[in-house]
Every structure is written in structure tokens, then in C-alpha cells.
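Below are the chains, spelled out letter by letter.
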Amino acid sequence: MSRAAIITGGGGEIGGACARQLLAAGWRVLAVDVNPAQLEGLADLVKENPGRLLVQHGDATREEVAAAAAACALDVFGRIDGLAYVAGGAGPVRARLADELPVPAWEHVVDLNVKSAFLFSRAVLPEMRKRGFGRIVNFSSTISRGQAGSFTTVTGRLPYATSKSALIGFTSQLAKDEAEHGITVNAVLPGLILGAQGTRIRTRFEELPEERRARMLDAMPMKRAGTPDEVAAVVA
């Protein structure tokens, strides 16, 4: 029987690309997303993959959502072999200095990037251990090392850098804890990834002054932004 994976943030540009590539590789997928409209964007893919792609609406920072996703995957697919933890973000509050950032905005970003990764890993690990096999991929960011200068496409830069750095430590420790059970845990650190026209990050990028956009691209090793499909290929 083919393997099965849960993808959080599965309705977004990168999450959707991960779903498509895993489906093409023969996996079955449960895509979880807090945004119903983004899940609706997977409707055609669901029709093309009857019984192989499921969608579930839910806030990844809530324990019951993680538990429900694991239960759904086990009920329908009978197994959980992979978790791609794509959900995350920098939140809606744009603040550069620590004393300008409201405490609730800090907590939201940290919960979205770190607490939620813990909750979903916690939900899927018992089944993976039972099978002696599991693959977990967490999403950190190149901004985990900090970002100098003016704002770019990231809003809550301080909590975002903090939480994405914490995810590296979380991934490293979890990998060491679970290796003996046949479970690998890795993190990818995307830089600037631009999706289709009109998507959030691309819009923010295109709203920047031309000189700032040019500096951002010049700082990239390949002198260009990445694409969701390129990131998904690493995950797959």
C-alpha cells in the first residue's frame, strides 16, 4: 500500500506544490490549512486524485487540530509515513523594534512556527514508531540567522527569526531522539520564494522599491528568487 503524508499549510503555494509532487510520486496526502479559500484552490487536484488527496480545515496551533489530522489520516489511509510541516509565517503586525511589537503578536508568530510543529510531530510520531519508519520535514528560513536593513517581505521580523531559529534546534533534537525508531527529521531553509502573480509574498516583493528588489535578488546565490516547485522537490 502506498505511503501517506500530512502537509500543514497544504493550501498555500509551497504546501500545494508539495502535495502535487508527493501525489505524483505515489503518496497519499492529507492537506491541512487554516484558510478555507486556499483549500478550495485544491479542488481540481482532489478531483484528479480521488481517495488519494484529502483536505482538512483547521488552525495548526491547536492541539485538537493536530490530533484530528492524525486520526483522519489513520482512518482513511491506515498509516502515516510522512509529515511536511509547511505552515508558519511572520504574522500581520509589521514592527521592526522589539518595544514596538505587541506581546500577542509575538506569541502568535512563535506559536504558529514552533508550538504547532511540536503539536503535529507529537500527533504523528506514535504511528511512525509503530511502523519503524517516518519522514518529517520542518520549514525554517534563511531569516533564522537574522536580516539586516529595511523591511522586505517579512512583517514580524524579530519573532519570525527567533521562531525559525528555534525550529532548527527542535528539528536537530527530535532527529536525535527518533533516529533509533527509523524516523528522520530534517529542516529546509528557503530564502525568497515567489509564487504566482497575486500571492501574498510576491505582492509584497513587487511593492518594494526597484532598488531594494534588485539588492535582494543580488544577495541570492543564483541571483534570483526560488519557486514553490523547487522547494517541494527537496521535500519530496
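See above for the structure.
Rules and cut-offs
Residues numbered from 1 in each chain as written. Predicted model: local features only at pLDDT ≥ 70, side-chain atom pairs only at ≥ 80, totals over all residues. Heavy atoms only, no water. Helix = DSSP H or I, 4+ residues; strand = E, 2+ residues; numbered from the N terminus. Rg over C-alpha atoms; globule rule 2.2 N^0.38 Å. Buried < 20%, exposed > 50% of the residue type's maximum accessible area, 1.4 Å probe, protein only. Contact = heavy atoms within 4.5 Å. Lys, Arg positive; Asp, Glu negative; His and termini not counted. Charge placed at Lys NZ, Arg CZ, Asp CG, Glu CD. Polar contact = N/O pair within 3.5 Å; in protein donor to acceptor, adjacent residues only side chain to side chain. 1 Å grid on protein atoms, 1.4 Å probe; cavity = no way out; pocket = protein on both sides within 12 Å on 5 of 7 lines; lining within 4 Å. Points joined across faces, edges and corners; volume = space filled by probe spheres on them. Axes fitted to C-alpha atoms, helices over the stretch in contact; angles between N-to-C directions. Parallel < 35°, antiparallel > 145°, perpendicular 65-115°, else oblique. Left-handed = near helix turned anticlockwise from the far one by under 90°. Nonpolar A, V, L, I, M, F, W, Y, C, P; charged D, E, K, R; others polar.

Draft legend 1. View of the overall build of the protein chain. Each helix and strand in the protein chain was counted, giving nine helices and six strands. The C-alpha atoms of the protein chain give a radius of gyration of 18 Å, which matches the 18 Å a tight globule of 236 residues would have. Viewed in the frame of its principal axes, the protein chain has a C-alpha envelope of about 50 × 35 × 30 Å. Within the span of the protein chain, comprising 236 residues, buried residues form 49% of the whole. Taking contacts inside the protein chain between residues at least 6 apart in sequence as the whole, the part at least 24 apart equals 72%. Seen as two clouds, the 27 positive and the 25 negative side-chain charges of the protein chain have centres 4 Å apart.

Draft legend 2. Examining the side chain of T171 more closely. Looking at the element boundaries, T171 is found in helix 6 (residues 157–178). In this structure the side chain of T171 is engaged in a polar contact, spanning 2.9 Å, whose partner is the side chain of N138. Ignoring any residue separated from it by four or fewer positions in sequence, one finds T171 in contact with N138, V185, N186 and A187.

Draft legend 3. Quick peek at empty space enclosed by the protein. Within the structure shown, the criterion is met by one cavity of 30 Å³ or more. There is about 30 Å³ of room inside the largest cavity. As for the largest cavity, its lining consists of A90, G91, P92, V93, L101, A105, H108, V109 and G156.

Draft legend 4. Spatial organisation of the packing of helix 1 (residues 13–24) against helix 9 (residues 228–235). In the contact formed by helix 1 and helix 9, the axes pass within 8 Å of each other and the chain directions differ by 50°. The angle between helix 1 and helix 9 places the two elements in the oblique class. In the packing of helix 1 onto helix 9, the handedness of the crossing is right-handed. For the pair formed by helix 1 and helix 9, the contact residues are E13, I14, A17, C18, R20 and Q21 on the first element and P228, D229, V231, A232, A233 and V235 on the second. Taken together, the residues that form the contact of helix 1 with helix 9 break down as eight nonpolar, one polar and three charged.

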